[in-house]
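# Examining the three-dimensional arrangement
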Amino acid sequence: MHVALHYLGVYGVGALKDIALTIVSTILSIILGVLAAAGRLYGPKALQIAIAWYVEIIRGLPAILQLFIIYFGFDQIGIHFSPLMAALIWLVAYGVGYAVEIFRAGLMDVAQGQREASAALGLSPSTTMRKIVFPQALVAMLPPLTSFVVLQLKNTTLLYLVGFADVMYEARLGVDATNQAGPLYVMAAVVYLIISLVIGRIGMRMERRAAAYR
Amino acid sequence: MSNDVVVSARNMTKRFGNTLVFKDVSLDVHKSEVVAIVGPSGAGKSTFIRCINRLHPFDEGTLELLGHRLTGGKAKVPRAVLQDIHTRVGMVFQTFNLFPHLTVIENIMLAPMEVKKMPRAEARERAMALLEMVGLPHKRDIYPKRLSGGEQQRVAICRALAMEPEIMLFDEPTSMLDPELVGEVLGAIQRLAREGMTMLLVTHEMAFAKEVADTVVIMADHEIAEMGPACEVLESPKTERAQQFLSRVLKPEQAADDFVAARTASQGGDR
Ligand SMILES: Nc1ncnc2c1ncn2[C@@H]1O[C@H](COP(=O)(O)OP(=O)(O)O)[C@@H](O)[C@H]1O
Ligand SMILES: [Mg+2]
């Protein structure tokens, strides 16, 4: 048996960690992203500006610098995060920056006439958001959200740099130990590709269901 | 038509920023009265009826409706008052504005269930009765995209009626429709008028206005140019502005001639 195949087990465990981290960080990013998008669109001016700047910073700074600042930078001032904690904080902080813009664009995409029709029927602003605006915005948001989840998955490959033991981390260790860079990296690529494809399929299904009325 | 005034506008003025939309508009609407508002486009007709159900705030004057008294300016209307007005005043839009992600019957059931907390079964039953009334019961599970414009507008009327409004506002309900579909929508509106609904109707259909409206209001140049009993205003308008507008719309060939004459004149001037 090829030496690389001995790594299937640890790859599997690493893949589960990556998947779990992607799911948890996506859910948190979406929740915080919806709130931040609402603040960006309808909040007080100061909040709008603060969120706009946050988005600029997250999108402008190299991802790896953000991660290093959270893990190594905070360590310097006495705040120590475990690799898992640092990974989660970074993925969510980064994810919110992207999610805000996806939600903002989606919400703005829903025509003004829809809000007016809803208001004219006596529906409250929160019901209008829940029943009228959000379901329609979702159709516009799902394709970029799917790409966003894949982006978060790919971001997890940077986490080996802070010692988070996922697929990428195991691949690096394996290459150091066995000198089988080719097979080990290709195997890691296949793992990430499979997960990405599954995310894409799920996204496509949700899009089709959400857009059934179109 | 009775003597109870349900809408009373006094010297209402509305601006968008520095642009004046209308000024000093005063108008009383009685219970079961049908008021048609006509006039050239850009006169502020849509904005005026949107101010009545407070989709837009207005700047000066007062508006009394359904026992509420609203004044112009920045002061916020309490949420409960706004909600009461929206619940009791129905609106039908030029562009239908049906909710595209809901089926026909869901469009109609939504507000009674969400706002009035009506049980689903009852909301469904009432929605079906409304759909029967406009001749569309077989379309109940279809999404709005699959309906013709005339069908969409009839569903939009049902959606507004499901809240059992005391006043209905129509903003050019037929102007987006192909000519052969106009009749079915006007039919539904006429039926409402006969049943005693109080209505404000912005329209370009002069013949229809004459037939169903008790009162006609001509809006032009940011104000009410003339108002009075429908036949009087439409057949023998007194003000020059009203005569000018009506001669345009009632005699299209004349308007076309005017248009050509004006163009030739202006082109001649350019040269
Ligand atoms: N939301 C808005 N913001 C700024 N100007 C507006 C808005 N809505 C309408 N207007 C302007 O107000 C004027 C009256 O418009 P409208 O009430 O739609 O007229 P009508 O319905 O009689 O054609 C127009 O000049 C229009 O451009
Ligand atoms: Mg208009």
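Predicted model, so just to flag it, every value in this text is computed and none were measured.

Cut-offs used in this document
- Residues numbered from 1 in each chain as written.
- Chains lettered and ligands numbered in written order.
- Predicted model: local features only at pLDDT ≥ 70, side-chain atom pairs only at ≥ 80, totals over all residues.
- Heavy atoms only, no water.
- Helix = DSSP H or I, 4+ residues; strand = E, 2+ residues; numbered from the N terminus.
- Buried < 20%, exposed > 50% of the residue type's maximum accessible area, 1.4 Å probe, protein only.
- Contact = heavy atoms within 4.5 Å.
- Areas by Shrake-Rupley, 256 points an atom, 1.4 Å probe, with all protein chains shown as cover.
- Lys, Arg positive; Asp, Glu negative; His and termini not counted.
- Charge placed at Lys NZ, Arg CZ, Asp CG, Glu CD.
- pLDDT = per-residue confidence, 0-100.
- Near = heavy atom within 4 Å.
- Polar contact = N/O pair within 3.5 Å; in protein donor to acceptor, adjacent residues only side chain to side chain.
- Nonpolar A, V, L, I, M, F, W, Y, C, P; charged D, E, K, R; others polar.
- Pairing = 2+ DSSP bridges.
- Axes fitted to C-alpha atoms, helices over the stretch in contact; angles between N-to-C directions.
- Parallel < 35°, antiparallel > 145°, perpendicular 65-115°, else oblique.
- Left-handed = near helix turned anticlockwise from the far one by under 90°.
- Buried area = accessible area lost by both parts, 1.4 Å probe.
- Salt bridge = Lys/Arg side-chain N within 4 Å of Asp/Glu carboxyl O.

### Focus on the overall build of chain A
- Of the regular secondary structure elements, chain A holds eight helices and zero strands.
- Taken along the three principal axes of its C-alpha coordinates, chain A extends 70 × 45 × 20 Å.
- For chain A, the residues scored as buried account for 43% of the 214 residues in total.
- Within chain A, contacts between residues at least 6 apart in sequence are counted, and of these 76% link residues at least 24 apart.
- Carbon and sulfur atoms make up 70% of the accessible area of chain A, which totals about 10800 Å².
- On chain A, the mean spot of the 15 positive side-chain charges and the mean spot of the 10 negative ones are 11 Å from each other.

### Comments concerning the confidence of the model for chain B
Residues and elements named next belong to chain B.
- When the pLDDT values of chain B are averaged, the result is 90; 92% of them are 70 or greater.
- Across residues 267–271 the pLDDT falls below 50, and counting only partners more than four positions away or on other chains, this stretch makes zero contacts in the model.
- Predicted complex, confidence summary: ipTM 0.87, pTM 0.82.

### Overview of the site of ligand 1
All names here are of chain B.
- In the vicinity of ligand 1, the residues found are Phe16, Val21, Pro40, Ser41, Gly42, Ala43, Gly44, Lys45, Ser46 and Thr47.
- Contact distances for ligand 1 include 2.8 Å between an oxygen atom and a backbone N or O atom of Lys45.
- When ligand 1 is considered free in solution it has 570 Å² of accessible area, and contact with the protein chains removes 56% of it.
- Counting residues per element, the shell around ligand 1 draws most heavily on helix 1 (residues 45–52), at three residues.
- Looking at the shell around ligand 1 residue by residue, the classes come out as four nonpolar, five polar and one charged.

### Remarks on the sheet that holds strand 7 (residues 167–171) of chain B
All names here are of chain B.
- Taken in spatial order, the six strands make up an open sheet running 6-7-8-3-9-10, and their pairing is mixed. Every other strand in the sheet has two partners, leaving strand 6 (89–92) and strand 10 (223–229) as the edge strands with one partner each. Taking the axes of each pair of neighbouring strands and ignoring which way they run, one obtains an average angle of 15° across the sheet.
- Note: strand 3 (residues 34–38) against strand 9 (residues 215–220), four bridges, orientation parallel.

### Digging into the packing of helix 3 (residues 104–115) of chain B against helix 5 (residues 149–161) of chain B
Residues and elements named next belong to chain B.
- Closest axis-to-axis distance for the helix 3/helix 5 pair is 8 Å, and the angle between their directions is 25°. The angle between helix 3 and helix 5 places the two elements in the roughly parallel class. The crossing of helix 3 and helix 5 is right-handed. On the side of helix 3, the interface is formed by Val104, Asn107 and Ile108, while helix 5 contributes Val155, Cys158 and Arg159.
- Of the residues belonging to the contact of helix 3 with helix 5, the class tally is four nonpolar, one polar and one charged.

### Comments concerning the interface of chain B and chain A
- On the chain A side, the residues contacting the 25 residues of chain B number 20 residues.
- Of the roughly 1900 Å² buried at the junction of chain B and chain A (both faces included), carbon and sulfur atoms supply 65%.
- Joining chain B to chain A, the criterion identifies three salt bridges.
- Two residues, Glu116 of chain A and Arg50 of chain B, come together in a salt bridge whose shortest N-O distance is 2.7 Å.
- One can count eight residue pairs in polar contact (both at pLDDT 80 or more) joining chain B with chain A.
- Among the elements of the structure, helix 2 (79–88), strand 6, helix 3 and helix 5 of chain B are those that each provide at least two residues to the side of chain B that touches chain A.
- A per-class count over the side of chain B that touches chain A returns 13 nonpolar, six polar and six charged.

### Considerations on the packing of helix 4 (residues 120–133) of chain B against helix 5 of chain B
Residue and element names in this part refer to chain B.
- Where helix 4 contacts helix 5, the axes come no closer than 10 Å and their chain directions differ by 140°. If you check the angle between helix 4 and helix 5, you find them oblique. Considering how the two elements wind past one another, helix 4 and helix 5 form a crossing that is right-handed. Every residue of helix 5 that contacts helix 4 at Leu130, Leu131 and Met133 is listed here: Val155, Cys158 and Leu161.

### Quick notes on the side chain of Asp18 of chain A
Residue and element names in this part refer to chain A.
- Relative to the assigned elements, Asp18 resides in helix 1 (residues 8–42).
- In this structure, Asp18 is buried with no salt-bridge partner, the nearest side chain bearing the opposite charge being Lys17 at 8.7 Å.
- Excluding residues that lie within four positions of it along the chain, Asp18 makes contacts with Leu153, Thr156, Phe164, Asp166, Val167 and Tyr192.

### Things to note about the pattern of salt bridges
- Going through the model one piece at a time under the given rule, you end up with 19 salt bridges over all chains.
- One salt bridge connects Glu60 of chain B with Arg15 of chain B, and the closest N-O pair in it is separated by 3.2 Å. In this pair, Glu60 of chain B is assigned in strand 4 (residues 60–65) and Arg15 of chain B in strand 1 (residues 5–16), connecting sequence segments 45 residues apart.
- The exposure class of Glu60 of chain B is partly exposed, given its relative accessible area of 38%.
- A salt bridge links Glu232 of chain B to Lys238 of chain B, with the shortest nitrogen-to-oxygen separation between them at 3.8 Å.
- Glu232 of chain B gets classed as partly exposed once you look at its relative accessible area, which sits at 42%.
- One network of salt bridges, with partners in common, ties together Arg59, Glu101 and Arg104 of chain A.

### Let's talk about the environment of Thr19 of chain B
Residues and elements named next belong to chain B.
- Mapped onto the secondary structure, Thr19 falls in strand 2 (residues 19–30).
- Residue classification places Thr19 among the exposed residues on the basis of a relative accessible area of 51%.
- In this structure the C-alpha to C-alpha distance between Thr19 and Ile108, which are 89 residues apart in sequence, comes to 37 Å.

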